[in-house]
Amino acid sequence: MTESGKPILYSYFRSSCSWRVRIAEDPERKSGPWSHSRCCQTTEEAYALLGIALALKSIDFETVPINLIKDGGQQFSEEFQALNPMKQVPALKIDGITIAQSLAIIEYLEETRPTPRLLPQDPKKRAQVRMISDIITSGIQPLQNLSVLKQVGQENQLTWAQKAIRPGFNALEQVLWSTAGKYCVGDEVSMADLCLVPQVANAERFKVDLTPYPTISRINKTLMALEAFQVSHPCRQPDTPPELRA
């Protein structure tokens, strides 16, 4: 926490995991027409979960940018390693503790600041939300993140990412046939939706054809009309380069 008492989010504007956390304000707030395609095509890992969560839950926070590329990667500094030994973003300082891993952070926010709800009260729906979240964050996103892409070589990155995303989206589309309403699970925004939007942005960046995934595409379009998903977008972060700002 800062002297002002605000939580501190250590993140990188391109990190899809960070975007998830940024999203959590009022999930039903809408704004006017807005296009995110240009930024999605130029960002490496759409800036994700945590920002959405913080926005949806109206949590005022401060951002400390951690550039994953500059100076060989600021996540490898001794100072940041002391915060998160995994040397990954995001990390959130809140309530006197530091939490890493985006889903763990979102679950903590849900337990300590339960409004609006991101996990359904019904245990079956809650399990479905966690299942979809894990499909994306464990089964798809890690296979095409920055650390993996560095290992396969620049000339192979596009093909590798497409091969990582397509099988996951094939499975996810089938799952959503039985769980989706307006959003991933029913008609309320949930943690699953926070995971979906950044991953669709990744797919767009890596030129994955989304035509075979009409349910994923429909839900993503609906979510991107909500203000929390827009204000937490990578194009609108303090460390977004001027040429990538929306």
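The structure this text deals with has already been given above.
Fair warning: this is a prediction, and the values are worked out from it, not measured in the lab. (Residues numbered from 1 in each chain as written. Predicted model: local features only at pLDDT ≥ 70, side-chain atom pairs only at ≥ 80, totals over all residues. Heavy atoms only, no water.)

A. Highlighting the overall build of the protein chain. Scanning the protein chain from terminus to terminus reveals eleven helices and five strands. Taken across its 246 residues, the protein chain has 51% of its residues classed as buried. Carbon together with sulfur atoms contributes 52% to the accessible area of the protein chain, which is approximately 11100 Å² in total. (Helix = DSSP H or I, 4+ residues; strand = E, 2+ residues; numbered from the N terminus. Buried < 20%, exposed > 50% of the residue type's maximum accessible area, 1.4 Å probe, protein only. Areas by Shrake-Rupley, 256 points an atom, 1.4 Å probe, with all protein chains shown as cover.)

B. Molecular detail of the side chain of Ser190. One can find Ser190 in the loop between α8 (157-179) and α9 (191-205). Since its relative accessible area comes to 2%, Ser190 is described here as buried.

C. Looking closely at the environment of Asn220. By the element assignment, Asn220 lies in helix α10 (residues 214-223). Each residue touching Asn220, except ones within four places of it in the same chain, is listed here: Leu196, Val197 and Val200. (Contact = heavy atoms within 4.5 Å.)

D. Broad picture of the environment of Met131. In this structure, Met131 sits in helix α6 (residues 123-139). With 44 residues separating them in the primary sequence, Met131 and Val175 have C-alpha atoms 9.4 Å apart.

E. The arrangement of the sheet that holds strand β4 (residues 91-94) in detail. As summarised here, the arrangement of the four strands in space is β3-β1-β4-β5, forming an open sheet in which the pairing is mixed. Of all strands in the sheet, those with a lone pairing partner are β3 (62-65) and β5 (97-100), marking the two edges. Between one strand and the next, the sheet's axes are offset by a mean angle of 20 degrees, whatever the strand orientation. Note: strand β1 (residues 8-11) against β3, four bridges, orientation parallel. For Ser11, the partnering residue across the bridge sits in β3 and is Pro65. (Pairing = 2+ DSSP bridges. Axes fitted to C-alpha atoms, helices over the stretch in contact; angles between N-to-C directions.)

F. Broad picture of the pattern of salt bridges. Within this structure, the stated rule accounts for five salt bridges. A salt bridge links Asp60 to Lys6, with the shortest nitrogen-to-oxygen separation between them at 3.3 Å. Of the two residues, Asp60 is situated in the loop between α3 (50-56) and β3 and Lys6 in the segment before β1; the sequence distance between them amounts to 54 residues. Two residues, Glu107 and Arg130, come together in a salt bridge whose shortest N-O distance is 3.1 Å. (Salt bridge = Lys/Arg side-chain N within 4 Å of Asp/Glu carboxyl O.)

G. Layout of the environment of Pro212. Here Pro212 lies in the loop between α9 and α10. Separated by 43 residues in the primary sequence, Pro212 and Phe169 place their C-alpha atoms 9.0 Å from one another.

H. Broad picture of the packing of aromatic side chains. Following the criterion strictly, the structure yields two aromatic pairs and no others. The interplanar angle of 55 degrees and the centroid separation of 6.3 Å between the aromatic rings of Tyr10 and Phe80 together place this pair among those described as tilted. Residue Tyr10 is found in strand β1, and its partner Phe80 is found in helix α4 (residues 78-83); the two are separated by 70 residues along the sequence. With respect to class, Tyr10 is no different from Phe80; both count as buried. Aromatic side chains Phe169 and Tyr213 sit 5.5 Å apart centroid to centroid with 85 degrees between the ring planes, which places their arrangement in the edge-to-face category. Separated by 44 residues along the polypeptide, Phe169 in helix α8 and Tyr213 in the loop between α9 and α10 bring together distant segments of the chain. Here Phe169 matches Tyr213 in class, with each residue buried. (Phe/Tyr/Trp six-rings, centres within 6.5 Å; stacked < 30°, edge-to-face > 60°.)

I. Highlighting unusual backbone geometry. A cis amide bond links Thr115 with the next residue in sequence, Pro116, at an omega value of -10 degrees. Mapped onto the elements, Pro116 comes out in the loop between α5 (102-112) and α6. Even without glycine at this site, Ser58 takes up a positive phi of about 55 degrees. Among the secondary structure elements, Ser58 is positioned in the loop between α3 and β3. Residue classification places Ser58 among the exposed residues on the basis of a relative accessible area of 57%. At Lys207, a residue that is not glycine, the phi angle is positive and equals roughly 60 degrees. The exposure class assigned to Lys207 is exposed, which follows from its relative accessible area of 61%.

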